[in-house]
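# Remarks on the overall topology
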Amino acid sequence: MPIIRVENLTRRFGNIIAVNDISFEVEEGTIFGFLGPNGAGKTTTINILCTLLSPTSGKASIAGHDCVREPSGVRKSIGIVFQDTTLDKDLTAYENLLFHAYLYDVRRSEIGGSIDDALHFVNLYERKDDLVKKFSGGMKRRLEVARGMIHRPRVLFLDEPTLGLDPQTRANLWEFIVGLPKKHNVTIFMTTHYMEEAEVCDQIAIIDNGKIIASGTPEELKKTVGGDVIYIRTSDNLKARLEIEKLFNFEVSEKDNELFLTTPKGDTRIPEIIKAVGEKVLSVRMQRPTLNDVFLRMTGRQIREQDAGADDTVKETVRAYRRRHG
């Protein structure tokens, strides 16, 4: 049964359409991934779902509560871990959770046990009396997950939860996250531009330029790529590309001076391609389809590519709009 419903949701900031007529549902007890590059509309959508921003048009509801008409009901049903740390660094880990419990009106008789359980779950119980400013980035993130769960929400929003963390810390944090639905009966709604992280999701929606361009399970999405991806570096990419397309009727693309093509049973095709291209081949590699390949196939670029200047312009436009309109 869907716990999140989004219907024809649109959000404009002046002339900029941040979210463009999107619709999707999230089943209760699942991990839902909302994927896309920075500036694609992920955070704007989360802000609407969390009642921090009103939509220009369309509807959204969480646990049966309309995000516009029943914001109080929505807020009681959700927990949030933002991109940027919002912990009070001058309080201890325990005090941060205690303050959050008071804000969410957790029963006093349950507060102590809930905090202890949360700290044990994220392996921070032994550090509960330490000031947060002494914590590493990964410890702070785990504490934020614990804080987001302290009032036992039905949906936990994780907005780029591993942004800025090193690979090992990211992996450790995900060990905690993937166990949340079963251990705490919570639905996870996460955003990320790290496509490998999205492999843990039950369902995924890929958003680009404010529109959802694909949705499904990770395996369903990867099947749309059509096979294995072969990457080839040659001394003459133009000639090699023409030879491959002529002999095998493949569609060959190029990025960063490397040719790439998609084909079923790629390992059997590689010897044929090397024989056809000959001594011009400098290197060949193959990989099974990834979610990044899905995005590349649908948009012509990788998900981590960013035009920083354009992104900064959008952000500044949004800030100016908010200053004028509140």
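Residues numbered from 1 in each chain as written. Predicted model: local features only at pLDDT ≥ 70, side-chain atom pairs only at ≥ 80, totals over all residues. Heavy atoms only, no water.

### Thoughts on the sheet that holds strand β8 (residues 187-192)
Counted only if it meets this: Paired strands are those between which DSSP finds at least two bridges. Each helix is a run of H or I in the DSSP string that is no shorter than four residues. Each strand is a run of E no shorter than two, and both are numbered from the N terminus. To define axes, lines are fitted to C-alpha atoms, for helices over the stretch in contact only, and angles between the resulting N-to-C directions are given on a 0 to 180 degree scale.
Reading across from one edge, β6-β7-β8-β3-β9-β10 is the order of the six strands in this open sheet, with mixed pairing throughout. Only two strands of the sheet have a single partner each, and these edge strands are β6 (78-81) and β10 (211-216). The sheet shows a mean angle of 15 degrees between the axes of neighbouring strands, taken without regard to direction. Relative to β8, strand β3 (residues 31-35) runs parallel, the two sharing five bridges. Counterpart to F32 in the pairing with β8 is F189.

### Comments concerning the confidence of the model for the protein
Which entries qualify depends on this criterion: pLDDT expresses how confident the predictor is about each individual residue, on a scale running from 0 to 100. Every residue pair with non-hydrogen atoms within 4.5 Å of one another is taken to be in contact.
Mean pLDDT over the protein: 86, with 92% of residues reaching 70 or higher. This model gives residues 305-322 a pLDDT under 50, and the stretch forms 18 contacts once residues within four places in sequence are excluded.

### Things to note about unusual backbone geometry
What is expected of a backbone is that most residues other than glycine have negative phi and most peptide bonds are trans. Backbone geometry places D105, a non-glycine residue, at a positive phi of 55 degrees. Within the element layout of this structure, D105 appears in the loop between α3 (93-103) and α4 (108-121). Even without glycine at this site, D256 takes up a positive phi of about 50 degrees. By the secondary structure assignment, D256 is in the loop between β12 (253-255) and β13 (258-263).

### Thoughts on the packing of α3 against helix α5 (residues 137-149)
Think of two packed helices as two axes; the pair is described by the angle between the axes and how far apart they sit. Which entries qualify depends on this criterion: Orientation categories follow fixed angle ranges, with anything under 35 degrees roughly parallel, anything over 145 roughly antiparallel, 65 to 115 roughly perpendicular, and all other angles oblique. Left-handed describes a crossing whose near helix is turned anticlockwise from the far helix by less than a right angle; the clockwise case is right-handed. Residue polarity follows a fixed list, in which Ala, Val, Leu, Ile, Met, Phe, Trp, Tyr, Cys and Pro are nonpolar, Asp, Glu, Lys and Arg are charged, and the others, Gly among them, are polar.
Running from amino to carboxyl end, α3 crosses α5 at an angle of 30 degrees, the nearest separation of the two axes being 9 Å. Relative to α5, the element α3 is oriented roughly parallel. Every pair of crossing elements has a handedness; the one defined by α3 and α5 is right-handed. Contacts between α3 and α5 involve A93, N96, L97 and H100 from the first element and L143, A146 and R147 from the second. Residues that form the contact of α3 with α5 fall into these classes: four nonpolar, two polar and one charged.

### A closer look at helix α10 (residues 266-277)
Heads up, the rule is: The span expected for a helix works out to 1.5 Å for each residue beyond the first. Partly exposed describes any residue whose relative accessible area lies between the buried limit of under 20% and the exposed limit of over 50%, with all areas from a 1.4 Å probe on protein chains only and scaled to the type maximum. It is the directions from the helix axis to the C-beta atoms whose arc is reported.
Between its terminal C-alpha atoms α10 stretches 16 Å, which fits the 16 Å expected from 12 residues at 1.5 Å a residue. Burial in α10 covers these residues: G266, I270, I273 and V277. Each buried residue of α10 lies within a common arc of 75 degrees when the element is viewed along its axis, so the set occupies one face. In α10, the exposed residues that point more than 90 degrees away from the buried face are P271 and K275. Residues of α10 that are buried sit in contact with β11 (228-234), α9 (237-248), β13 and β14 (281-287). Phi for G278, located one or two positions after α10, is positive at around 75 degrees.

### Observations concerning the pattern of salt bridges
Under the convention used in this document: Here, a salt bridge means any Lys or Arg side-chain nitrogen found within 4 Å of an Asp or Glu carboxyl oxygen.
This model, assessed by the stated rule, comprises 18 salt bridges. Residue E160 is joined to K42 by a salt bridge in which the shortest nitrogen-to-oxygen separation is 3.7 Å. Placement of the pair is E160 in the loop between β7 (155-159) and α6 (167-177) and K42 in helix α1 (residues 42-49), with a sequence separation of 118 residues. Residue E160 is classed as buried on the basis of its relative accessible area of 1%. Classification of K42 as buried rests on a relative accessible area of 4%. Through salt bridges that share partners, R141, E144 and R147 make up one connected network.

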